[in-house]
Amino acid sequence: MELETVMPVQEKKSLTYEMQKRLLGVIFSLPALILLFTFLILPVILAFVYSFMNYNMLNPDGKVFTGLDNYIRLFKDAIFLTTLKNTLYFTVLVVPIQCAVALGLALLVNKKVKVAGLGRVFFFSPVVTSMVVVAILWTFLYNVDSGIINHALNFFGIESQLFLLSPDQAMNSIIFMSVWQAAGFQMMIFLAGLKDVPVELYEAAEMDGANVWQKFRNVTMPCISHVTGFVLIITTIQAFRLFVQPFVMTNGGPSDSTKTLVFMLYENGFQFRDVGYSSAIAVVFFIIVLISSLILKKVLKQ
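Keep in mind the model is a prediction, meaning the values are calculated, not measured. (Residues numbered from 1 in each chain as written. Predicted model: local features only at pLDDT ≥ 70, side-chain atom pairs only at ≥ 80, totals over all residues. Heavy atoms only, no water.)

Thoughts on helix H7 (residues 170–195)
Then, in step 1: Under the 1.5 Å per step criterion, the end-to-end length of H7 is 38 Å for 26 residues, consistent within 8% with the ideal 38 Å.
Then, in step 2: Bending of H7 peaks at approximately 40° at the position of Ala182.
Then, in step 3: Judged by how many residues are buried, H7 sits mostly within the fold: 19 of 26 residues are covered. (Helix = DSSP H or I, 4+ residues; strand = E, 2+ residues; numbered from the N terminus. Expected span 1.5 Å × (residues − 1). Bend = angle between axes of the 7 residues up to and from the residue. Buried < 20%, exposed > 50% of the residue type's maximum accessible area, 1.4 Å probe, protein only.)

Considerations on helix H3 (residues 78–109)
Then, in step 1: For H3, which comprises 32 residues, the first-to-last C-alpha distance of 46 Å matches the rise-based estimate of 46 Å (1.5 Å per residue) to within 8%.
Then, in step 2: Within H3, the axis deviates most sharply at Val94, by approximately 25°, and proline Pro96 lies no more than four positions further along.
Then, in step 3: One side-chain oxygen of the residue at the start of H3 lies 3.0 Å from the amide nitrogen of Ile79, identifying that residue as Asp77. (Polar contact = N/O pair within 3.5 Å; in protein donor to acceptor, adjacent residues only side chain to side chain.)

Digging into a nonpolar patch on the surface
Then, in step 1: A surface patch of nonpolar side chains, about 960 Å² in accessible area, is lined by Leu30, Leu33, Ile34, Leu36, Phe37, Leu40, Ile41, Val44, Ile45, Phe48 and Val49.
Then, in step 2: Turning to its location among the elements, Ile41 is positioned in helix H1 (residues 2–50).
Then, in step 3: Residue class for Ile41 comes out partly exposed when judged on its relative accessible area of 38%. (Patch = residues over 30% accessible without salt bridge, like charges linked within 9 Å, V, L, I, M, F, W, Y side chains within 5 Å. Areas by Shrake-Rupley, 256 points an atom, 1.4 Å probe, with all protein chains shown as cover. Salt bridge = Lys/Arg side-chain N within 4 Å of Asp/Glu carboxyl O.)

As for the packing of helix H8 (residues 199–207) against helix H9 (residues 212–223)
Then, in step 1: Remark: H8 packs on H9, axes separated minimally by 10 Å, with the N-to-C direction vectors making an angle of 160°. With respect to their mutual orientation, H8 and H9 come out roughly antiparallel. Crossing angle aside, the handedness with which H8 passes H9 is right-handed. Facing H8, whose interface residues are Leu201, Tyr202, Ala205 and Glu206, H9 presents Lys215, Val219, Thr220 and Cys223.
Then, in step 2: Along the lines of polarity and charge, the residues of the contact of H8 with H9 split into five nonpolar, one polar and two charged. (Axes fitted to C-alpha atoms, helices over the stretch in contact; angles between N-to-C directions. Parallel < 35°, antiparallel > 145°, perpendicular 65-115°, else oblique. Left-handed = near helix turned anticlockwise from the far one by under 90°. Contact = heavy atoms within 4.5 Å. Nonpolar A, V, L, I, M, F, W, Y, C, P; charged D, E, K, R; others polar.)

Looking at the packing of aromatic side chains
The relation between two aromatic rings is expressed through the spacing of the ring centres and the mutual angle of the planes.
Then, in step 1: In the structure shown here, the tally under the stated rule is 17 aromatic pairs.
Then, in step 2: Each ring, one from Trp138 and one from Phe176, has its centre 5.8 Å from the other, and the planes form 65°; the classification is edge-to-face. Of the two residues, Trp138 is situated in helix H5 (residues 131–141) and Phe176 in helix H7; the sequence distance between them amounts to 38 residues.
Then, in step 3: Ring geometry for Phe247 against Tyr266: centres 5.3 Å apart, planes inclined by 80°, an arrangement best described as edge-to-face. Here Phe247, found in helix H11 (residues 244–249), pairs with Tyr266, found in helix H12 (residues 261–271); they are 19 residues apart in sequence, far enough to count as distant.
Then, in step 4: Given a relative accessible area of 31%, Phe247 falls into the partly exposed group.
Then, in step 5: Given the relative accessible area of 25%, Tyr266 is considered partly exposed.
Then, in step 6: Here the aromatic residues Trp138, Tyr142, Phe163, Phe176 and Trp180 are joined through ring pairs into a cluster of three or more.
Then, in step 7: Geometry around Tyr55 places Lys63 over its ring, the cationic atom sitting 4.7 Å from the centre.
Then, in step 8: Here the basic side chain of Arg73 rests over the ring of Tyr277, its NZ or CZ set 3.6 Å away from the ring centre. (Phe/Tyr/Trp six-rings, centres within 6.5 Å; stacked < 30°, edge-to-face > 60°. Lys NZ or Arg CZ within 6 Å of the ring centre and 35° of its normal.)

Here's what the structure looks like:
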């Protein structure tokens, strides 16, 4: 009888303790959940709602439901098609180049030599520098009259280039700068993956007579395939979000050659105060990034 009385009491105490732990977990998570809802979930919901309205920031009480008018206007807008083309051009070029450079740097600093640590610091340092600062620095480097790059070209007998002043060169100049600035971040991720490759696999490949390229293709790449997929996805998302470089270096010009989707979103939302139209751009941008990420994830799995 005493045992039968003690057991339910212990179970009750245990249940109460579990409930207290769960309640404590919810309390500690509540500030983060509130911030997540306020600055991420709620803006997404409001952007979707406002995309169906004629809403100007200077007249917050004058919201009018207009249905799909903002989306119809968007796909008829020649500037939108230009920004979409510029964004896709930047993404298609910068993602493979940046990932290839990052992998090459990771292979370089993964070697067991004394200067490897110094190389990691050297290649990673542009990542921790503010993008605004980097963009201003490269604006001076690309200067037609006093830029160091044109001085170097002139030294080798090559005439000065327009770089940021040319519609044909501006985006390519931004791509080059973006690869230089961000490759160090992907390098560190690749480096972490390379550290997990078993040394025994390389030793077995050497015993089979494999050369450097064969070891890279048959050992290194299969072992870091999951890391490669992760790097490709995050680099693609970052590429679609291009904004700071054209905003600081070219202000979207010349002739809208560097204007991107995010730049157009900012321009309509904060300069023209057209919240409804900018919300439609945001929704379309979200769908494009989501579809691109899903396609890339499926291709990488295959």
